[in-house]
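Report on the structure
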Amino acid sequence: SGHLTGVDYSSTSVEMSKETNYDSVKSGKTDIIEASVECLPFLDNSFDKIITVESFYFWPHPQENLKEVYRVLKTDGTFLLVADIYGKDGLDENIKKFNLYNPTPDEYKKLFENAGFIDVKVHIKEDDNWICIEGHK
């Protein structure tokens, strides 16, 4: 009964996602659009839940971009940021090579709080180096 909206900066990824999710897009259950996290093309308080997976390290202005996500999240909404890297010893080689933004768990928490999120929680799956930051509005 819900509706999904996918956003990607890459036109290639948008087209691939539309093909992969063809039935859901055709039925109107899913929209997939090309846009940047710098200026999301949605009204304030548009979404109940927002999730990003393995994209944060590429965001051009992480602190300001988190404020943009906060803007489009509804009151009482939840934002989850999932990444397979975080500032931790031993995870530096490709991060430095590709100049990826890679905060520590404490830095993630502060970024979320500075963007306005409340009840921020950091979940870590250390065996796989996954991190999930959960914030609420």
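Our subject is the structure that appears above.
Here is a short report on the structure shown in this document. Because the structure is predicted, anything quoted here is derived from the model rather than measured. One numbering rule holds for all chains: residues counted from 1, following each sequence as written. At least 70 in pLDDT is required for a residue's local features to be given in this predicted model, at least 80 for side-chain atom pairs to be given and counted, and no such filter applies to totals for whole chains, interfaces and linings, which use all residues. By convention in this description, side-chain values take in all heavy atoms of the structure and omit both hydrogens and water.

Next up on the list: the pattern of salt bridges. Each salt bridge in this description consists of a side-chain nitrogen of Lys or Arg and a carboxyl oxygen of Asp or Glu lying within 4 Å of one another. Counted under the stated rule, the structure contains 6 salt bridges. The partner of Asp44 in a salt bridge is Arg71, with the nearest N and O atoms 2.8 Å apart. With Asp44 in the loop between β2 (30-34) and β3 (47-53) and Arg71 in helix α3 (residues 62-72), the pair connects residues that are 27 residues apart, well separated along the chain. Classification of Asp44 as partly exposed rests on a relative accessible area of 48%. A residue is classified by how much of its surface remains accessible, and Arg71, at 23% relative accessible area, is partly exposed. Across the salt bridge formed by Glu64 and Lys67, the nearest N and O atoms sit 3.3 Å from each other. Taken together, the residues Glu64 and Lys67, both in helix α3 and 3 residues apart, mark about one turn of the helix. Take Glu64: its relative accessible area is 47%, and that puts it in the partly exposed class. Here the term buried applies to any residue with accessible area under 20% of the maximum for its type, exposed to any over 50%, and partly exposed to those in between, with areas from a 1.4 Å probe on protein chains only. Relative accessible area serves as the criterion here: at 35%, Lys67 is assigned to the partly exposed category. Counting from the N terminus, the helices are DSSP H or I runs at least four residues long and the strands are E runs at least two residues long.

If you look at soluble globular proteins, the nonpolar side chains tend to sit buried side by side. In this description, a nonpolar core means a group of buried Ala, Val, Leu, Ile, Met, Phe, Trp, Tyr and Cys residues linked to one another through side-chain atoms lying within 4.5 Å. Membership of the largest hydrophobic core comes to 25 residues, with the highest contact counts inside it found for Leu66, Val69, Phe79, Leu81, Phe112 and Phe117. Of all elements in the fold, only β3, α3, β4 (73-83), α5 (105-115) and β6 (130-136) reach the threshold of two or more residues within this core. The contact rule is simple, with two residues in contact once any of their heavy atoms fall within 4.5 Å. Among residues more than four places away in sequence, those in contact with Phe79 are Ile50, Ile51, Thr52, Trp59, Leu66, Val69, Leu73, Phe112, Phe117, Ile133, Glu134 and Gly135.

This part is about the sheet that holds strand β5 (residues 118-125). Strands qualify as paired when DSSP identifies two bridges or more between them. Spatial ordering of the open sheet is given by β3-β4-β6-β5, a layout of 4 strands whose pairing is mixed. The outermost strands of the open sheet, each flanked by one partner alone, are β3 and β5. Averaged over all pairs of adjacent strands, the angle between strand axes in this sheet comes to 10°, irrespective of strand direction. Where β4 and β6 come together, 6 bridges link them in antiparallel fashion. Note that in β6 the partner of Ala83 across the bridge is Ile131. Fitted lines through C-alpha atoms serve as axes, helices being fitted only where they are in contact, and the angles separating the N-to-C directions of these axes extend from 0 to 180 degrees. Against the sheet, α3 touches β3 and β4, its axis set at about 140° to β4.

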